[in-house]
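Here are the chains, one letter per residue:
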Amino acid sequence: MSAAETQLNPANSASSFYLSFASILDLDQLAPLFNAYRQFYGCADNVPEARAFLAERLATGDSKIYLARNAAGETLAFAQVFASFSSISLCRSWVLNDLYVQPGYRGQHIGEALLAQVEKEARAAGIGMLTMETGPENVRAHRIYQKMGYVREMGYLHFVRKLG
């Protein structure tokens, strides 16, 4: 285990897992998980496209990708954050853009551990705010986010204009 990895023994779980940062060497395990995450949100099955997107993020340093692995080194979950800013709050922020735990490993506090690690590192980096969005039907995730201290903002609408 490298210095970037943290061994965790989650509360209320017989499982043991550790967290680490993803590197280009993790693409073979990470790309299928990222593809499954995208499929959950209605995207087409396309592992090569998912792999290429992640490879570019890792090569350019556009994001930080946290992995949760079991003792055998199997990737169980991931979280991806992007740096941003808040003009209203006058601070640097991180957008927790993606969080996914493989279905067979849900309920073992892996998502909570990833969220806690992201928050710990954000605080250490002087980040003033973490933001995220999720689908309205993902009620299980809503409960975890609220349990971890995230507050649902109701005063803003989210608009998107696709350019490509």
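Quantities reported herein were computed from a predicted structural model and do not represent experimental measurements.

> Provide a residue-level description of the overall build of the protein, including the pertinent values.
When helices and strands are counted, the protein shows 4 helices and 6 strands. Counting from the amino terminus, the protein carries its helices and strands in the arrangement β-β-α-α-β-β-β-α-β-α. Since a compact globule built from 164 residues should have a radius of gyration of about 15 Å, the 16 Å found for the protein is in line with a globular shape. Here the C-alpha coordinates of the protein stretch approximately 45 × 35 × 30 Å along the principal axes. For the protein, the residues scored as buried account for 38% of the 164 residues in total.

> Describe the pattern of salt bridges, and please don't skip the residues or the numbers.
Across all of its chains, the model carries 6 salt bridges by this definition. Taking the shortest distance from any N to any O, the salt bridge between R69 and D26 comes out at 2.1 Å. Here R69, found in strand 3 (residues 63-70), pairs with D26, found in the loop between strand 2 (17-21) and helix 1 (27-40); they are 43 residues apart in sequence, far enough to count as distant. The same class applies to R69 and to D26, which are both buried. With a shortest N-O distance of 3.6 Å, E112 and K147 are connected by a salt bridge. You can see E112 sitting in helix 3 (residues 110-124) and its partner K147 sitting in helix 4 (residues 139-147), a full 35 residues away along the chain. Using a relative accessible area of 57% as the deciding quantity, one classes K147 as exposed. Residues participating in the shared-partner salt-bridge network are E56, R57 and D62.

> A description of unusual backbone geometry should follow, citing residues and the corresponding values.
Even without being glycine, L90 reaches a positive phi, approximately 55°. Tracing the backbone shows L90 in the loop between strand 4 (75-86) and strand 5 (91-101). By relative accessible area, which is 76% here, L90 ends up exposed. Look at H109: it is not a glycine, yet its phi comes out positive at around 70°. Classification of H109 as partly exposed rests on a relative accessible area of 21%.

> Explain the pairing of strand 4 residue by residue, including any values.
In regular strands, side chains alternate between the two faces of the sheet. With respect to burial, strand 4 is a largely interior element, 9 of its 12 residues being buried. When strand 3 meets strand 4, the two strands line up antiparallel, connected through 7 bridges. Bridged to R69 within strand 4 is T75. Looking at chain direction, strand 4 and strand 5 are connected through 10 bridges and run antiparallel. Bridge pairing in strand 5 places A79 opposite L99. Between strand 4 and strand 5, which pair antiparallel and follow one another directly, the connecting turn spans 4 residues, one of which, L90, has a positive phi of 55°.

> Kindly report on the confidence of the model for the protein, identifying the contributing residues and their values.
Put simply, the protein has an average pLDDT of 90, and 91% of its residues get 70 or more. The secondary structure element of the protein with the lowest average pLDDT is strand 1 (residues 6-8), at 46, and the one with the highest is helix 2 (residues 47-60), at 98.

Basis of the calculations
Throughout, residues of each chain are indexed from 1 in the direction in which the sequence is written. Given that the model is predicted, a residue must reach a pLDDT of at least 70 before its local features are reported, and side-chain atom pairs must reach 80 or more before they are shown or counted; all residues, however, enter totals for whole chains, interfaces and linings. To get the side-chain values, all heavy atoms of the structure are used, and hydrogens and water are removed first. Each helix corresponds to a stretch of at least 4 residues labelled H or I by DSSP, and each strand to a stretch of at least 2 residues labelled E; elements are numbered beginning at the N terminus. We compute the radius of gyration over the C-alpha atoms and compare it with the globule rule, which gives 2.2 Å times the number of residues raised to the power 0.38. Each residue is assigned to one of three classes by its accessible area relative to the maximum for its type, calculated with a 1.4 Å probe on protein chains only: buried under 20%, partly exposed between the two thresholds, exposed over 50%. The rule for a salt bridge is simple: a side-chain nitrogen of Lys or Arg has to be within 4 Å of a carboxyl oxygen of Asp or Glu. Two strands qualify as a pair provided DSSP detects at least 2 bridges between them. Residue-level confidence of the predictor is what pLDDT reports, using numbers from 0 through 100.

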